[in-house]
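Coordinates in review
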Amino acid sequence: MTESLFFYLGMSFLTLHELDAVRCREWRIFPLLSLLDDRWGQPIFLLAHIPLFAWIFLELGPGTPSPQFVRGFDIFLMVHLGLHLLFLFHQKNEFKDVLSWVIIGGAAVCGLLDLVV
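Computed from a predicted structure; not experimentally measured. (Residues numbered from 1 in each chain as written. Predicted model: local features only at pLDDT ≥ 70, side-chain atom pairs only at ≥ 80, totals over all residues. Heavy atoms only, no water.)

1. Focus: the packing of aromatic side chains
- Evaluated as defined, the whole model comprises eight aromatic pairs.
- With centroids separated by 5.8 Å and ring planes inclined at 50°, the aromatic side chains of Trp-27 and Phe-45 adopt a geometry described as tilted. In this pair, Trp-27 is assigned in the loop between α1 (5-23) and α2 (38-60) and Phe-45 in helix α2, connecting sequence segments 18 residues apart. The pair formed by Trp-27 and Phe-45 is uniform in burial state, with each residue classed as buried.
- One aromatic cluster in this structure is built from Phe-7, Tyr-8, Trp-55, Phe-69 and Phe-73. (Phe/Tyr/Trp six-rings, centres within 6.5 Å; stacked < 30°, edge-to-face > 60°. Helix = DSSP H or I, 4+ residues; strand = E, 2+ residues; numbered from the N terminus. Buried < 20%, exposed > 50% of the residue type's maximum accessible area, 1.4 Å probe, protein only.)

Laid out in structure tokens, this is it:
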């Protein structure tokens, strides 16, 4: 289990980030969802996470996740940070507080540590 510590911490950070993403109305900075008003953007953003998390949960159990999934997830956590940096100055980006960036950065650091440790 300790060999997977950074993987599971990264997954925890990403899950927390998705909660924060609703607070910060992340759909407003997504290329296609940003075209919609909040009445459509929010439910589409939320519902899109059902298959995403279902896939993640299916990959996690039973047993140990595949090394390919873990590696891909770790890389995604780092790319995810890059995407948030890319959209940092988007006029509708509400990820401005320290806590949001600790969560986003924490996920990326966990992904990196899981790859190298």
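2. Quick notes on the packing of α1 against α2
- Relative to each other, α1 and α2 sit at 165°, their axes nearing to 11 Å. The orientation of α1 relative to α2 falls into the category roughly antiparallel. In this structure, α1 crosses over α2, and the sense of that crossing is left-handed. On α2, the residues touching Phe-7, Tyr-8, Met-11, Thr-15, Glu-18, Ala-21 and Val-22 of α1 are Gln-42, Phe-45, Leu-46, His-49, Phe-53, Ile-56 and Leu-60.
- Counted by class, the contact of α1 with α2 contains ten nonpolar, three polar and one charged residues. (Axes fitted to C-alpha atoms, helices over the stretch in contact; angles between N-to-C directions. Parallel < 35°, antiparallel > 145°, perpendicular 65-115°, else oblique. Left-handed = near helix turned anticlockwise from the far one by under 90°. Contact = heavy atoms within 4.5 Å. Nonpolar A, V, L, I, M, F, W, Y, C, P; charged D, E, K, R; others polar.)

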